[in-house]
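Close look at the chain arrangement
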Amino acid sequence: SNFYGLASTVKIEMSLRSNTSSNSPSGGNSIRNRSLYSQISSSSPSFSSPITSFKVPLSLLINVLPLFIINILRLIIRVRKVDRTIFIIGDYMWKFDDQQLKGTPIPLTSITAVSPITPLTSDLSSSERLLLNSKTPAGNLLRLRISDKSKYYEVGESEVFITTIRELKQEVIKRNLKHTPYTLSDTEKRLNRIAKEKWEKKNRVQKMVDERREEWEGNVRSGLLSS
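Right, let's walk through the structure included here. (Residues numbered from 1 in each chain as written. Predicted model: local features only at pLDDT ≥ 70, side-chain atom pairs only at ≥ 80, totals over all residues. Heavy atoms only, no water.)

1. Section: the environment of Ser150
Along the chain, Ser150 falls in strand 8 (residues 149-155). For the pair formed by Ser150 and Ile111, sequence separation is 39 residues and the distance between their alpha carbons is 9.4 Å. Of note is the side chain of Ser150, whose polar atom sits 3.3 Å from the side chain of Arg145. (Helix = DSSP H or I, 4+ residues; strand = E, 2+ residues; numbered from the N terminus. Polar contact = N/O pair within 3.5 Å; in protein donor to acceptor, adjacent residues only side chain to side chain.)

Following this line, the structure appears as C-alpha cells:
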C-alpha cells in the first residue's frame, strides 16, 4: 500500500506541473499564450530582461546527504539551465520561453528575499554549493526565496532586478493597504486576475500533493515501527 501511496503522490505532482504550465486561466492554447505575451510586453512592464534559470537535480536529497557523497555526486550531476524572458508587471513576475508562459506567475509579495550568492555566502545549502562549484553560472547568481523554496537566476542587470523587486513589493503592500495614490491600469488589473487564478490553482494542487506525501510518510513510519 505504501507503493501505491507513493505512486499517487507522483501522479498528482505530474498533474501539478501540467496544470500550472497551462497557457490560459482555463487551459487555453499557444495562440492565447502568445497573445498574453504580447499584452505584457507591450504594456510597459516595470522590468523586463532575458534571464538564465538554474536548477540542481535531486536538490532535496542532496541537502540531507553527507559531504563525501555530495563530492561524488558533483562528478555525476549536471546543473540544468534554461534561458527565459522575465517580466514584472502589476503585482506579479512572469517567465516566458519563445512567447510561451513557463511556470506560474509569482506574486511579488510571496518573495521573502532576493540577493546574490557566492561561495562566501554564510547560509548556503549543499545543493547551492554544488551549483556554485559547477561553474555553470557565468556571472552573478541570484537567489529568490519564495515561501519555503528557492529559485536561482542569472540576470544581466542584477542590481536593477533586485531593487525593482524590493521596491515594487513594497508598492504592492501599500496599494493593498490603500496607502498609496497609485492605481493599476485596466491591463495590469486584468493580468493580475489571470496570474492570481493560476497561483491559487497551483497552491490547491500543491496542498493535495503535500497531504498525500505526509500520509505516505506516516504510513512508512508506522510500518517501520510495527515491523
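Don't stop here, the text continues.
2. Brief notes about a positive patch on the surface
Residues Lys55, Arg80, Lys149 and Lys151 make up a contiguous surface patch of positive charge. Within the secondary structure layout, Lys151 lies in strand 8. Residue classification places Lys151 among the partly exposed positions, given a relative accessible area of 31%. (Patch = residues over 30% accessible without salt bridge, like charges linked within 9 Å, V, L, I, M, F, W, Y side chains within 5 Å. Areas by Shrake-Rupley, 256 points an atom, 1.4 Å probe, with all protein chains shown as cover. Salt bridge = Lys/Arg side-chain N within 4 Å of Asp/Glu carboxyl O. Lys, Arg positive; Asp, Glu negative; His and termini not counted. Charge placed at Lys NZ, Arg CZ, Asp CG, Glu CD. Buried < 20%, exposed > 50% of the residue type's maximum accessible area, 1.4 Å probe, protein only.)

3. Quick word on the nonpolar core
Counting 19 residues, the largest nonpolar core has Met93, Leu144, Phe161 and Ile165 as the members making the most contacts within it. With sequence-adjacent residues up to four places away left out, Leu144 is seen in contact with Met93, Ile111, Ala113, Val114, Lys149, Ser150, Lys151, Tyr153, Phe161 and Ile165. Grouped together as the second largest cluster of nonpolar side chains are 13 residues, Phe54, Ile62, Ile70 and Leu141 included. (Core = buried A, V, L, I, M, F, W, Y, C linked by side-chain atoms within 4.5 Å. Contact = heavy atoms within 4.5 Å.)

4. Examining the packing of aromatic side chains
Two aromatic rings, taken as a pair, are described by how far apart their centres are and by the angle between their planes. Inspection of every chain in the model, using the stated rule, returns 5 aromatic pairs. Residues Tyr37 and Phe87 carry aromatic rings whose centres are separated by 5.6 Å and whose planes lie at 75 degrees to one another, so their mutual orientation is edge-to-face. Linking Tyr37 in helix 2 (residues 30-41) with Phe87 in strand 2 (residues 80-89), this pair joins segments that are 50 residues apart in sequence. Judged by relative accessible area, which is 5%, Phe87 ranks as buried. Plain terms: the ring middles of Trp94 and Phe96 are 6.4 Å apart, the flat faces sit at 15 degrees to each other, and that makes the pair stacked. Summarising the burial analysis for this pair, Trp94 and Phe96 share the class buried. (Phe/Tyr/Trp six-rings, centres within 6.5 Å; stacked < 30°, edge-to-face > 60°.)

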